Amino acid sequence: MARSVVSRVSSALKVEESATETTGTKSYGKWSNVDLEPTPPTQRNWSGWYFFAFQFSVAFSPTTYNIGSSLYAVGLNWWLITISAFVGTGLCCIVLFLNSRGPAWYHIGYPVYMRVAAGIYGSLWFIFLRMAVAMFYEGTQTYYASRQLDVALRCIFGHQWTDIPNRLPASAGITSSQMIAFFLTWLLQFPLAWLHPSKAGPLFAVKSVLSPTAYLVTMIWALVKFGGVDLQLSDAEASNLGWSFMRAINTVVSGVVPPMVNIADLARYANHPRDVWPLTFGLFISKPLVILIGLFTTAAGKKRFGVANWNQWDFYSLVLDNYWGPGTRTLVFLGSFIQCFATIVTNVSSNAIPIGCDLTGLFPKYFTIVRGQILCNVLIWAVVPWLLVNSAANFLTFLGSYLCFISPVLASMIVDYWYARRGNIHVPSLYRPDDSSPYHYYKGFNFRIYIAWLAGVVLVISGISGAINPGSISQTAVNIYNTGFLLSFAAGGTVYFILCKLFPIEVYPAGREHESKRWERMVPTEGFFPDDDPMPEYLSEKIMLGEEPMTVESARPVEKS
């Protein structure tokens, strides 16, 4: 009886849609479902403008704002923060450019693209790693949004809101009114869980207008009202400037980790890699700008209030404490509510969509992207995010720790696509866990990327303890940790490159070893050979009509006739 009930529940939870049901083509097998298969031309609707608006708007978020304000609050020189903002962002742009080309050509998301470098089974660990961290980011971003909503509610209700009795102990790390604001934010955010990523572009276009306006108006108001800024917070010794600079770069890069890792989940909806290029322009313009806005707004507040707030909601609260009045309340309400909305939108792209994709990759029978997004919104409460980032130091440590674990993976994926495979991916083999697949490696695991990952992590992991508990380890280890991105990225990429030199990978499946391996030879047919089965209908029709193969330069999605 119990077994029968479990069977019925399992059957009800299985994903109903499959490639066969939606397109009439054969299924790719149990390692796939409709959201894991290559994106069809009808869903490749992310234009260059959407990519630009996406990255431009994502940078206008509390995470980026808090980088500039946090670095200032912990005592770094303003000019170090400014230079590192541009240097760190430039490095991120390079990684984004290199890591987006493969998904844009072959139209596959991160869970499937990860199989290329890690193996079909080996990818599961890195998918889980990204999902687990994105879950924490989802929680912290929701908490950030709720703190902005908390300020907005104070603007509306005044002391009626602030006088709500606190029924929670100090150890909870949050007050009753803040918990109410968190719940209301969660209610506002939850409906967006049903938004499929292929249709999310317009959301970022709206945010790209509202969020920058709110940040700029807040900064200009503070500079004018407080008579400029106080940038003399730190007098760092010359001997420490180098390490401070490296720490600042590391922090700037860590704030862009989600887009660098998640780019495949959106690049798959492009028609061509050049559609994704505006994303790097949007990043290079917006990231330093927001960091500087956070720096100057915090510095202006330091001059007026004597406190360097590491986040915007505390700054808004001080403004209300000292300038309470209809005009101030209106401006602060608009600024805080817009930032609440903007943070929720950031959560959609940087966390909810990746978690949905990862759950789909881990459990293709039971999860679609939308189902995964719904579950991650439900699990936000289990993260207890208000305990994660309750200070500037904790915020910086939280960002830097994830960077140490993911940088070697990014480097290995880039080396794999650009060097080891020369841009060639055989898409059907990504769904076949057998020896004929070049992505099966050794029993489904690519030992090269695991060795490269460990090499990058071991270099810097000891410094995490020193960052959390100062004095627990040597300052040298902490300094190494503060250069985590450059060291772990370089180490991971170098080790993977050497291992591919010593142990060359198989580019094509068994029986195809002698196919041409020239640069991106598989791009014109989107990763398929003419006799592959299954094959997308739009590609098979093209081959049946006897059309000439596309060149890389002229490759475009083929419309159905």
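It should be noted that the structure appears before, not after, this text.
It should be emphasised that the depicted structure is a prediction, and the values quoted were computed from it without experimental measurement.

Draft legend 1. The arrangement of the overall build of the protein chain in detail. Regarding its fold elements, the protein chain presents 21 helices and zero strands. When each of the 561 residues of the protein chain is scored for burial, the buried share is 58%. Carbon and sulfur atoms form 65% of the exposed surface of the protein chain, whose accessible area is close to 21,900 Å².

Draft legend 2. Focus on the environment of Cys-93. Checked against the element boundaries, Cys-93 lands in helix α5 (residues 78–106). Cys-93 sits in the buried class, given a relative accessible area of 12%. Between the C-alpha atoms of Cys-93 and Gly-282, which are 189 residues apart in sequence, the distance is 9.5 Å.

Draft legend 3. Seen up close, the packing of aromatic side chains. Counting across every chain of the model gives 42 aromatic pairs. Here the aromatic rings of Tyr-143 and Trp-313 are separated by 6.5 Å at their centres, their planes lie at 75 degrees, and the arrangement is edge-to-face. Placement of Tyr-143 in helix α7 (residues 123–157) and of Trp-313 in helix α14 (residues 312–322) is noted, with a sequence separation of 170 residues between them. The same class applies to Tyr-143 as to Trp-313, namely buried. Between Tyr-419 and Phe-497 the ring centres are 4.6 Å apart and the planes differ by 45 degrees, which places this aromatic pair in the tilted class. Remark: Phe-497 occurs in helix α20 (residues 484–502) and Tyr-419 occurs in helix α17 (residues 392–420); sequence separation between them is 78 residues. Among the aromatic residues, those joined into a cluster by ring pairs are Trp-31, Tyr-121, Trp-125, Phe-126, Phe-128, Phe-445, Tyr-450 and Trp-453.

Draft legend 4. Representation of a nonpolar patch on the surface within the structure. There is a patch of nonpolar side chains on the surface, built from Tyr-419, Phe-447, Ile-451, Phe-497, Ile-498, Leu-502 and Phe-503 and spanning about 620 Å² of accessible area. Broken down by secondary-structure element, the contributors of at least two residues to the nonpolar patch are α18 (447–468) and α20. For the nonpolar patch, the element with the most residues is α20, which contributes three residues. As for its placement among the helices and strands, Ile-451 is situated in helix α18. Accessibility expressed as a relative area gives 38% for Ile-451, which makes it partly exposed.

Draft legend 5. Just the nonpolar core, in detail. Counting 82 residues, the largest nonpolar core has Tyr-106, Met-114, Phe-126, Met-260 and Ile-425 as its most contacted members. Among the elements that make up this core, the one with the highest residue count is α17 (nine residues). Ignoring anything within four residues of it in the chain, the contact list for Met-260 reads Cys-92, Val-95, Leu-96, Asn-99, Val-253 and Leu-410. In this structure, Val-151, Trp-186, Ala-352 and Val-383 belong to the second largest nonpolar core, which totals 31 residues.

Draft legend 6. Representation of the packing of α14 against helix α15 (residues 326–362). Across the interface, α14 lies against α15 with an axial gap of 10 Å and an inter-helix angle of 170 degrees. Overall, the two elements α14 and α15 adopt an arrangement that is roughly antiparallel. When α14 is examined against α15, the residues Gln-312, Tyr-316, Val-319 and Leu-320 are found in contact with a partner set consisting of Thr-328, Arg-329, Val-332, Gly-335, Ser-336 and Gln-339. Considering only residue class, the contact of α14 with α15 consists of four nonpolar, five polar and one charged.

Draft legend 7. Broad picture of the side chain of Arg-421. Relative to the elements of secondary structure, Arg-421 occurs in the loop between α17 and α18. In this structure the side chain of Arg-421 is engaged in a polar contact, spanning 3.0 Å, whose partner is the backbone oxygen of Val-116. Here Asp-416 takes part through its side chain, which lies 2.8 Å from a polar atom of the side chain of Arg-421. When sequence neighbours within four positions are dropped, the list of residues in contact with Arg-421 reads Val-116, Asp-416, Tyr-439, Tyr-441, Ile-505, Glu-506 and Val-507.

Draft legend 8. Structural context of α15. Under the 1.5 Å per step criterion, the end-to-end length of α15 is 52 Å for 37 residues, consistent within 8% with the ideal 54 Å. Helix geometry: α15 is bent most strongly at Val-348, by close to 40 degrees. In terms of burial, α15 is largely enclosed, as 26 of its 37 residues are buried.

Rules used in this analysis
- Residues numbered from 1 in each chain as written.
- Predicted model: local features only at pLDDT ≥ 70, side-chain atom pairs only at ≥ 80, totals over all residues.
- Heavy atoms only, no water.
- Helix = DSSP H or I, 4+ residues; strand = E, 2+ residues; numbered from the N terminus.
- Buried < 20%, exposed > 50% of the residue type's maximum accessible area, 1.4 Å probe, protein only.
- Areas by Shrake-Rupley, 256 points an atom, 1.4 Å probe, with all protein chains shown as cover.
- Phe/Tyr/Trp six-rings, centres within 6.5 Å; stacked < 30°, edge-to-face > 60°.
- Patch = residues over 30% accessible without salt bridge, like charges linked within 9 Å, V, L, I, M, F, W, Y side chains within 5 Å.
- Salt bridge = Lys/Arg side-chain N within 4 Å of Asp/Glu carboxyl O.
- Core = buried A, V, L, I, M, F, W, Y, C linked by side-chain atoms within 4.5 Å.
- Contact = heavy atoms within 4.5 Å.
- Axes fitted to C-alpha atoms, helices over the stretch in contact; angles between N-to-C directions.
- Parallel < 35°, antiparallel > 145°, perpendicular 65-115°, else oblique.
- Nonpolar A, V, L, I, M, F, W, Y, C, P; charged D, E, K, R; others polar.
- Polar contact = N/O pair within 3.5 Å; in protein donor to acceptor, adjacent residues only side chain to side chain.
- Expected span 1.5 Å × (residues − 1).
- Bend = angle between axes of the 7 residues up to and from the residue.

So yeah, pure geometry; function would need other evidence.
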